[in-house]
Amino acid sequence: MSAEILDTIRQLHIDLDSITDPVTRTSIILLLNLIEQLAQENQDFKEQIQTLKDEINRLKGEQGRPSIRPQKKDGDISSEDERNPKNNRPPKKPRTLKKTNIVANREVMRCVDKDKLPEDAIFKEYDTVIIQDIKLTPDNIAFKHEVYYSPSERIV
């Protein structure tokens, strides 16, 4: 309501210079200042009341009013930097080659068709590429147990 009163006063376009009586002019200025001060206090009271309502709801176990931040109109509006800043990331570990620890179970030679090579091509070396694969094969074992029979005790 205080905002409405202030808007109404601004729309009146009161010309204080046109008031010739100095006492009346001073009185109107004081009244307008008082109205503006009361409107500001009213707004402050509304904020305090809302804060107290939020505190009551929090004590009851409910949620208060959410605090909504104003939107940033300039530039990038992504919140990626706020959620995961680069300086909070752990440093990356240096990559280690794992191929040095792999033992090849079998070796396959792949030969190049020498007719397709240029005449001045010279053999230099073998390039080794290790491909890892998993084979699942059945491993069925039949255990044979020795069984004895004793006629005197009749026990197997």
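Further up the page is the structure itself.
Residues numbered from 1 in each chain as written. Predicted model: local features only at pLDDT ≥ 70, side-chain atom pairs only at ≥ 80, totals over all residues. Heavy atoms only, no water.

1. A few points about the overall build of the protein chain
Consideration 1: Along the backbone of the protein chain there are three helices and zero strands.
Consideration 2: The helix and strand sequence of the protein chain, counted from the amino end, reads α-α-α.
Consideration 3: Relative to its full complement of 156 residues, the protein chain shows a buried share of 3%.
Consideration 4: A fraction of 38% describes how many contacts in the protein chain between residues 6 or more apart in sequence connect residues 24 or more apart.
Consideration 5: Surface summary for the protein chain: the accessible area is close to 17,100 Å², and the carbon and sulfur share equals 54%. (Helix = DSSP H or I, 4+ residues; strand = E, 2+ residues; numbered from the N terminus. Buried < 20%, exposed > 50% of the residue type's maximum accessible area, 1.4 Å probe, protein only. Contact = heavy atoms within 4.5 Å. Areas by Shrake-Rupley, 256 points an atom, 1.4 Å probe, with all protein chains shown as cover.)

2. Looking at the packing of aromatic side chains
Consideration 1: Here the structure, examined in full by the defined rule, presents one aromatic pair.
Consideration 2: Summarising the aromatic geometry, the rings of Phe123 and Tyr126 are spaced 5.1 Å apart at their centres and angled 65° between planes, so their arrangement reads as edge-to-face. (Phe/Tyr/Trp six-rings, centres within 6.5 Å; stacked < 30°, edge-to-face > 60°.)

3. Thoughts on the layout of surface pockets
Consideration 1: The computed volume of the largest pocket comes to approximately 1,200 Å³.
Consideration 2: As for the largest pocket, its lining consists of 27 residues, and the residues nearest its centre are Glu107, Val108, Met109, Arg110 and Val129.
Consideration 3: When the residues that make up the lining of the largest pocket are grouped by side-chain class, the tally is 16 nonpolar, three polar and eight charged. (1 Å grid on protein atoms, 1.4 Å probe; cavity = no way out; pocket = protein on both sides within 12 Å on 5 of 7 lines; lining within 4 Å. Points joined across faces, edges and corners; volume = space filled by probe spheres on them. Nonpolar A, V, L, I, M, F, W, Y, C, P; charged D, E, K, R; others polar.)

4. Details of helix 2 (residues 22-60)
Consideration 1: Helix length check: helix 2 (39 residues) gives 57 Å between terminal C-alpha atoms against 57 Å at 1.5 Å per residue, within 8%.
Consideration 2: The first or second residue beyond helix 2 is Gly61, which carries a positive phi of 95°. (Expected span 1.5 Å × (residues − 1).)

5. What to know about the pattern of salt bridges
Consideration 1: Per the counting criterion, the structure on display carries one salt bridge.
Consideration 2: Residues Arg58 and Glu55 are paired through a salt bridge, measuring 2.6 Å at the closest nitrogen-oxygen approach. Of this pair, Arg58 and Glu55 both sit in helix 2, three residues apart, which is roughly one turn of that helix. (Salt bridge = Lys/Arg side-chain N within 4 Å of Asp/Glu carboxyl O.)

6. Considerations on a nonpolar patch on the surface
Consideration 1: Residues Leu31, Leu34 and Leu38 make up a contiguous nonpolar surface patch of roughly 280 Å² in combined accessible area.
Consideration 2: Among the secondary structure elements, Leu38 is positioned in helix 2.
Consideration 3: A relative accessible area of 48% places Leu38 in the partly exposed class. (Patch = residues over 30% accessible without salt bridge, like charges linked within 9 Å, V, L, I, M, F, W, Y side chains within 5 Å.)

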